[in-house]
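# Observations on chain architecture
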Amino acid sequence: MQNQKGFTLIELMIVVAIIGILAAIALPAYQNYTVRAQVTEGIGMAAAARSTVSENLIVGNALNCTGVEAGTIGNTTIACTEDEDNPAIVATVDTSQGDVAVTYTATMVGGGVEWECTSIATDHKFVPASCRNVAAP
């Protein structure tokens, strides 16, 4: 009698089913992770604009967006809104899941500047927890 070696058909079917289940869970999670990474990169690009606006507010420059390089860098678009009391910076990131916008609004507090981060409710799973309050669309 010859001893058979190898896997049975049922064993191979079980392995294929397990790989299918793992792929069904892992692919959407990876896609969300990729979008979150892109949004985080866009927020990092907005940090330079926030620093410039903060400096303008502290020194009393009438034009708060002076020195801010608004425009598109990679897949991130930075915009600065002039407002005497509360200037805002909007970082809009073009992702595979659509555009994700994060808005930073400045407020003078004492001798410094405080920033409030907001996003639209549909973008909450892609933005940091500190930005998950609802802003007007």
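This text goes with the structure placed above it.
Figured I'd write up the structure that's included with this text. (Residues numbered from 1 in each chain as written. Predicted model: local features only at pLDDT ≥ 70, side-chain atom pairs only at ≥ 80, totals over all residues. Heavy atoms only, no water.)

### Quick notes on helix α1 (residues 9-59)
Quick note on the threshold: The helix count covers DSSP runs of H or I at least four residues long, the strand count covers runs of E at least two residues long, and both are numbered beginning at the N terminus. Given a helix with a known number of residues, its expected span is that number minus one, times 1.5 Å. Each residue is assigned to one of three classes by its accessible area relative to the maximum for its type, calculated with a 1.4 Å probe on protein chains only: buried under 20%, partly exposed between the two thresholds, exposed over 50%. Contacts were defined at the residue level, with two residues in contact if any of their heavy atoms lie within 4.5 Å.
Taking 1.5 Å per residue as the helical rise, α1 with its 51 residues ought to reach 75 Å, and the 75 Å between its terminal C-alpha atoms agrees with that figure. Of all the positions in α1, only V35, V39, G42, I43, A46, A49, V53, S54, N56 and L57 are classed as buried. Those residues of α1 hidden inside the fold are in contact with β2 (76-81), β3 (88-95), β4 (98-109) and β5 (112-119). G60 sits one or two positions beyond α1 and adopts a positive phi of about 85°.

### A short note on the packing of aromatic side chains
The condition that has to hold: Aromatic pairing here means that ring centres of Phe, Tyr or Trp (its six-membered ring) are within 6.5 Å. Orientation follows from the plane angle: under 30 degrees is stacked, over 60 is edge-to-face, and everything else is tilted. Sitting over a ring, as applied to charges here, requires NZ of Lys or CZ of Arg to be within 6 Å of the ring centre and within 35 degrees of the ring normal.
With the rule as written, the count across this model stands at zero aromatic pairs. Sitting above the plane of the Y104 ring, R50 keeps its charged end 4.3 Å from the centroid.

### What to know about the sheet that holds β3
Note the following rule: At least two bridges found by DSSP between two strands are what make those strands a pair. For every element, the axis is a line fit to its C-alpha atoms; helices are fit only across the contacting stretch, and the angle between N-to-C directions ranges from 0 to 180 degrees.
Strand order across the open sheet formed by five strands is β1-β2-β3-β4-β5, with antiparallel pairing between neighbours. Both edges of this open sheet fall to β1 (71-73) and β5, since each of them pairs with a single strand only. With strand direction ignored, the average angle separating the axes of adjacent strands in the sheet is 20°. Bridge count between β2 and β3: six bridges; the pairing is antiparallel.

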